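Working through the structure, step by step
Each chain is listed here by its residues.
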Amino acid sequence: MFRPVPVVLLLASALASAHAQNEAQAQTAPLDLAAFTRLQQELTPDPAAPWRSVPWQLDLLAAQRAAAASHKPLFVWAMDGHPLGCT
Amino acid sequence: MLDRASTFANPGLLELLRTRFVPVAIDQAYQRRQKDSEGDFYRRIAAQSPRHDFDSTTQGFYVATAAGELLLYNNNRDPAKVERLVRDALARFAQRAPGGQETAPLEVGEVDRRWHPKVPEGGFALRVHGKVLGGYPAPEDDWQRILQTAISRDNLWVTGAEHRALVRGELPQSLLRRIAHFHLVDGTRGEPPMWKPEEVQRIEIVRQGDRLQGEVVLQTEDGARRFAAQVLGFVEVIEGKVTRFDLVARGLFRGEGTYTKNGPPGDFPFAVSLTLADGSDVADAIPPQGSRGWIEGYLR
């Protein structure tokens, strides 16, 4: 049996589609100096992010030497892709 | 990124790491393969964990003594759980070494060159960041919110010959190809797939004085993954040295990789930025993701 789609749903769908279209158009607008500057800022990570407060070492042997000298255990954050770099 | 913004945003855990541990961060794809002292030490620790098959990933968090005794292995991200496990491991460490235990520092010996690449002589490194600019549905929880707003991080290495060409006012094709193949990728949700040579459909960037401008189109054969972007950048040279290299690529991205699932549906706005690495960030010294075990291929 045919069920009419509520007008509100049609409107919501049309608005969402228009929004996506506007967003896509905004991204394909010329990449001018203003957009360049804004994007550079937006893509710069927070230098005060909490994980940065830890004195991470990158060399496991250097860390072993430091652990031996300071009588502390090692904490090894071992990932696929460097945890401080890739991704 | 998920770990940096969740597990390692826990103040209690961070305080422990700063004061009670020697913290080290590694891409275990290197150490589990290295034929040298560092590789031997890593495998000695990891072999005591459930991740002792060195032909596959051994990722996780390890707590170990300087002698290589494993006190904790965990691959859970929950911040409170990780802090509790780390405190438990610290208690076990204190029980094993009351008053401190003397352990000899390991000799470095000859390093496995394949897994110790360095920034090319006369070259330099760039920081590379990527971000999805929109297109996600509203996040349902904090994990999704973190992923949706993540900024990826990688490094790009420029060779000495390319540096000299940039100083002369040129724009080396090898550098453009490297940017396209290895760095115009969406790594915001995990390790991204790189572009194959045949997937670089167009890379037209010209240099006029200090200004770089153009466009790139990258696309898999089936069209399932694609990035078409405009590019704008600036290069400055002072006294024979590149002192500025800023570049932004912005466009529409489509698709995902094995380790970058759950991206926005369809085409979504995406941008990548490049800027000089000045050595002030510990991550500036990390080799490019695309160079893993194959630095010659990355730099060619």
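Above this note sits the structure.
This text gives an overview of the structure that appears in the document.

The rules behind these values
In this numbering scheme, every chain counts its residues from 1 along its sequence in written order. All chains are assigned letters beginning at A, and all ligands numbers beginning at 1, according to the order in which they are written. Owing to the predicted nature of the model, reporting of local features is limited to residues with pLDDT of at least 70; listing and counting of side-chain atom pairs is limited to 80 or more, with chain, interface and lining totals taken over all residues. To get the side-chain values, take all heavy atoms of the structure and skip hydrogens and water. Going along the chain from the N terminus, every DSSP run of H or I of four or more residues is numbered as a helix, and every run of E of two or more is numbered as a strand. Exposure is judged per residue with a 1.4 Å probe applied to protein chains only, and the accessible area is read against the type maximum: over 50% gives exposed, under 20% gives buried, and values in between give partly exposed. Contacts: residue pairs with any heavy atoms within 4.5 Å of one another. Positive charges come from Lys and Arg, negative ones from Asp and Glu, while His and the chain ends are left out of the count. To locate a charge, take atom NZ for lysine, CZ for arginine, CG for aspartate or CD for glutamate. The pairing criterion for strands is at least two bridges between them, as found by DSSP. Inter-axis angles, ranging from 0 to 180 degrees, are taken between N-to-C directions of lines fitted to C-alpha atoms, where helices are fitted over the stretch in contact. In these notes the angle categories are as follows: under 35 degrees is roughly parallel, over 145 is roughly antiparallel, 65 to 115 is roughly perpendicular, and the rest is oblique. By the convention adopted, Pro, Cys, Tyr, Trp, Phe, Met, Ile, Leu, Val and Ala count as nonpolar, Lys, Arg, Asp and Glu as charged, and the other residues, Gly among them, as polar. In these notes, a set of buried Ala, Val, Leu, Ile, Met, Phe, Trp, Tyr and Cys residues joined through side-chain atoms within 4.5 Å is what counts as a nonpolar core. Note: buried area is the sum, over both parts, of the accessible area (probe 1.4 Å) each one loses when the two are combined. When a carboxyl oxygen of Asp or Glu lies within 4 Å of a side-chain nitrogen of Lys or Arg, that pair is called a salt bridge. Pairs of N or O atoms are called polar contacts if they sit within 3.5 Å, as long as, within protein, a hydrogen donor faces a hydrogen acceptor (for residues adjacent in sequence, only side-chain-to-side-chain pairs).

Our next topic: the overall build of chain B. Regarding its fold elements, chain B presents nine helices and 10 strands. Taking the principal axes of the C-alpha coordinates as reference, chain B spans close to 65 × 50 × 35 Å. Looking at chain B as a whole, 55% of its 300 residues are labelled buried. By sequence separation, contacts in chain B at least 24 residues apart represent 59% of the contacts at least 6 residues apart. Charge separation in chain B, taken as the distance between the mean sites of 40 positive and 41 negative side-chain charges, equals 1 Å.

Okay, the sheet that holds strand β4 (residues 124-132) of chain B next. Residue and element names in this part refer to chain B. With respect to topology, seven strands assemble into an open sheet ordered β5-β4-β10-β9-β8-β7-β6, the strand pairing being antiparallel. Here the strands that pair on one side only, and so sit at the sheet edges, are β5 (151-158) and β6 (200-208). Strand after strand, the sheet turns through a mean of 15° between neighbouring axes, direction not considered. In this structure, strand β9 (residues 241-254) lies alongside strand β10 (residues 268-276), joined through seven bridges in antiparallel fashion. Of the residues in β10, the one forming a bridge with Phe-253 is Phe-268. Here helix α7 (residues 160-167) sits on the sheet in contact with β4, β5, β6, β8 (226-238) and β9, set at roughly 100° to β9.

Following both chains from N to C, one finds helix α3 (residues 60-70) of chain A and helix α4 (residues 37-46) of chain B inclined at 70°, their axes separated by 9 Å at the closest point. For the element pair α3(A) / α4(B), the angle class is roughly perpendicular. Touching Leu60(A), Leu61(A) and Gln64(A) of α3(A) are Ser37(B), Glu38(B), Phe41(B) and Tyr42(B), all from α4(B). Partitioned by chemical class, the residues of the contact of α3(A) with α4(B) number four nonpolar, two polar and one charged.

Attention now goes to the nonpolar core. Leu156(B), Leu166(B), Leu184(B), Phe227(B), Phe245(B) and Leu274(B) are the most contacted members of the largest nonpolar core, which has 40 residues in total. Setting aside anything within four residues of it in sequence, one finds Leu274(B) in contact with Gln40(A), Leu126(B), Arg127(B), Val128(B), Leu156(B), Ile179(B), Phe245(B), Asp246(B) and Leu247(B). Counting residues in hydrophobic clusters, the runner-up holds 27 residues, among them Val54(A), Phe75(A), Leu17(B) and Ala89(B).

Counting residues at the interface gives 54 residues for chain A, matched by 86 residues for chain B. Together, the buried faces of chain A and chain B total about 6400 Å²; carbon and sulfur atoms form 66% of this surface. There are three salt bridges connecting chain A and chain B. Here chain A is connected to chain B by 32 residue pairs in polar contact (both at pLDDT 80 or more).

Turning to the pairing of strand β2 (residues 60-64) of chain B, a few remarks are in order. Each regular strand shows side chains that alternate between the opposite faces of the sheet. All names here are of chain B. Of all five residues in β2, five are buried, a share of seventy percent or more. The alternating pattern of β2 places Gly-60, Tyr-62 and Ala-64 and Phe-61 and Val-63 on opposite faces, both of which are buried. Pairing analysis gives four bridges linking β2 to strand β3 (residues 70-74), with the strands arranged antiparallel. Bridge pairing in β3 places Ala-64 opposite Leu-70. Adjacent in sequence and paired antiparallel, β2 and β3 are bridged by five residues, among which Gly-68 carries a positive phi angle near 95°.

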